[in-house]
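Residues per chain are reported as follows:
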Amino acid sequence: MAKTNGTVSINWTLPITLLPWLFISMAVTDSRYLPEFERPLPNQTVTLGSEAVLSCHVAHLGGYKVGWIKSDSKAIQAIHTHVITHNTRVSVRHFGHSVWQLVIADVQREDEGLFMCQINTDPMKSQVAYLRVVVPPEIEPADSGTNDVMTSEGSSIKLGCKAKGDPAPTVRWHREDGEDITMRTVNGERLRFATYEGETLSLIRISRLDMGVYVCTASNGIPPAATRRIAVNINFNPVINVPNQLIWSTQGNNFTMECNVEAFPRSVNYWIRGDGELIISGNKFGVSEVRDSIFASRMALTVHSFEKSDIGKYRCIAKNSLGEVEGRIHVYESNSWPSARATTRRPIDYSEDLEEANNGVDHHHHHRQQHQQRRQQQDNEVDERNIVEDEDEIHQQGDGSSILSMPPPGRDTLHYQLTTTERSLWRSGSRSGSSALTFQLLPLFSSIAFTSFLCLVLSFPHFIPFCRYYI
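Computed from a predicted model, the values in this text were never measured in an experiment.

This paragraph deals with the nonpolar core. Counting residues in each nonpolar core, the largest one holds 24 residues, and the members touching the most others are Leu159, Trp173, Leu201, Leu203 and Tyr214. Listing elements by their share of this core, those giving two or more residues are strand 12 (157–160), strand 14 (170–175), strand 15 (181–184), strand 18 (200–203), strand 19 (212–219) and strand 20 (226–241). The biggest single contributor to this core is strand 20, with five residues. If near-sequence neighbours (up to four positions away) are discounted, Tyr214 is found in contact with Leu159, Trp173, His174, Arg175, Ile181, Leu201, Leu203, Arg228, Arg229, Ile230 and Val232.

See below:
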């Protein structure tokens with residue numbers, strides 16, 4: 001028993017005796033696995049105001065500690081789980097003993113630089129990464145404090161759009177309405193661009209067609225892009241164009257008169273009838289207006305159930321702070337003009353001649369001349385009256401390019417435009433052709449009559465050869 005007990009006692013005592021050596025051996029074995037970095041510390045690029053996270057991956061950290069330092073300023077950010085810097089935007093976090101992160105919230109421009117992840121071994125082990133802070137584009141406020149530009153037609157302006165950001169942004173211009181940007185050189189050459197690149201947009205000798213909203217966009221690849229809208233307003237006097245200045249219609253028919261208006265500031269547009277009667281919408285007349293652009297509009301006046309009392313002058317008037325202008329339209333009944341003008345000459349009254357002939361009175365040559373003179377005087381009076389009425393009734397367009405258009409078949413309402421030259425030619429009719437022919441033949445008849453008379457007077461034999469030679 002004792003022997004057995006002695007053997008048992010010896011078997012339990014041996015492991016207890018070797019235990020301290022076992023711990024020493026394990027300590028020597030663990031010292032061979034020092035901390036090391038599992039992967040490189042990558043550079044970071046973050047947008048201003050966002051969050052930056054720097055991750056340091058460590059293996060076999062053991063009892064060692066990880067620290068963060070901003071290399072350019074030598075400022076310690078954190079050691080292990082403790083934040084050292086006074087920057088409240090900086091914090092640390094870790095996942096086990098292998099992933100250690102430095103977190104910077106609401107990144108600012110001053111946060112950009114080199115950051116070091118460090119392990120306190122001997123010698124020290126470290127990794128370095130660069131934190132890049134990029135800034136989206138920002139357009140500086142306008143010097144005038146407003147984005148609207150007001151100028152007059154024919155002047156020159158410069159639109160500015162200065163932007164900043166990191167990287168440096170590129171500025172491009174375009175028109176909001178989709179039209180091309182028109183730029184004029186000092187030599188008068190016109191250049192058109194769908195988009196124009198540059199911080200300054202120069203518009204020389206600007207016209208009303210350049211009016212609108214110009215948009216500048218600054219971009220550098222960092223969202224979001226910055227934009228600015230600049231409204232260019234060009235002041236000019238009202239201008240009216242009347243497509244159809246002469247209109248005639250049949251009774252009971254409906255027709256519409258139109259005037260095209262261009263003005264800025266926007267004009268007050270209205271219709272006047274006759275000597276000053278303001279026309280408003282109702283059962284008889286319909287007044288409407290359509291806006292085509294910021295400065296152009298179309299005025300329309302519809303006449304319902306045309307009757308004789310509707311014949312006369314109509315005026316479309318546009319008025320703004322810079323001036324006032326009007327367009328004139330004359331309305332006729334279709335069977336009274338121009339056919340009435342073609343038959344305006346009064347017929348010759350031969351009743352007196354017929355009566356005298358029946359009474360046996362002889363018609364002498366001088367009496368017929370009196371009738372011809374009376375007819376010519378009547379024609380001259382009619383022509384003078386027509387000229388005065390036309391000049392007062394017809395408002396000639398500025399370009400003078402209107403033409404006489406024939407009425408389309410099957411239409412009751414006809415629209416005509418005549419130039420001054422065409423009215424004169426039409427009014428003269430065939431009379432001008434016969435008069436021209438008479439004036440062309442008059443010198444020939446005068447020459448023959450004079451020669452014949454001379455030969456008759458000088459009918460002596462010695463003058464006959466001369467007459468034959470002359471004829």
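From this point, the narrative continues.
In the structure shown here, the tally under the stated rule is three disulfides. Cys56 shares a disulfide with Cys117; S-S distance 2.0 Å. Given an S-S torsion of about -90°, the disulfide between Cys56 and Cys117 has left-handed geometry. Placement of Cys56 in strand 3 (residues 52–59) and of Cys117 in strand 9 (residues 113–119) is noted, with a sequence separation of 61 residues between them. Accessibility expressed as a relative area gives 0% for Cys56, which makes it buried. Of the residues examined, Cys117 reaches a relative accessible area of 0% and is grouped as buried. Sulfur-sulfur distance for the disulfide between Cys161 and Cys216 comes to 2.1 Å.

Taken together, four strands build an open sheet; the order of strands is 1-3-8-7 and the sheet is antiparallel. The outermost strands of the open sheet, each flanked by one partner alone, are strand 1 (36–37) and strand 7 (90–95). As paired strands, strand 7 and strand 8 (residues 99–104) are joined by six bridges and run antiparallel to one another. When the bridges of strand 8 are listed, Ser91 appears paired with Val103.

Moving on, we come to the pairing of strand 25 (residues 285–291). When strand 25 meets strand 26 (residues 296–303), the two strands line up antiparallel, connected through seven bridges. Along strand 26, the bridge assignment pairs Val290 with Arg298. Count of turn residues in the strand 25/strand 26 antiparallel hairpin: four residues.

All right, on to the packing of aromatic side chains then. The final tally for this structure, using the stated rule, is four aromatic pairs. Ring centres of Phe255 and Phe306 lie 5.7 Å apart, and the angle between their planes is 65°; this geometry places the pair in the edge-to-face category. Of this pair, Phe255 sits in strand 22 (residues 255–264) while Phe306 is found in the loop between strand 26 and strand 27 (312–320), placing the two residues 51 residues apart along the sequence. According to the relative accessible area criterion, Phe255 is buried, its value standing at 3%.

Parameters at a glance
- Residues numbered from 1 in each chain as written.
- Predicted model: local features only at pLDDT ≥ 70, side-chain atom pairs only at ≥ 80, totals over all residues.
- Heavy atoms only, no water.
- Core = buried A, V, L, I, M, F, W, Y, C linked by side-chain atoms within 4.5 Å.
- Buried < 20%, exposed > 50% of the residue type's maximum accessible area, 1.4 Å probe, protein only.
- Helix = DSSP H or I, 4+ residues; strand = E, 2+ residues; numbered from the N terminus.
- Contact = heavy atoms within 4.5 Å.
- Disulfide = S-S within 2.5 Å.
- Pairing = 2+ DSSP bridges.
- Phe/Tyr/Trp six-rings, centres within 6.5 Å; stacked < 30°, edge-to-face > 60°.

Spatial relationships are all this shows, so hold off on functional conclusions.
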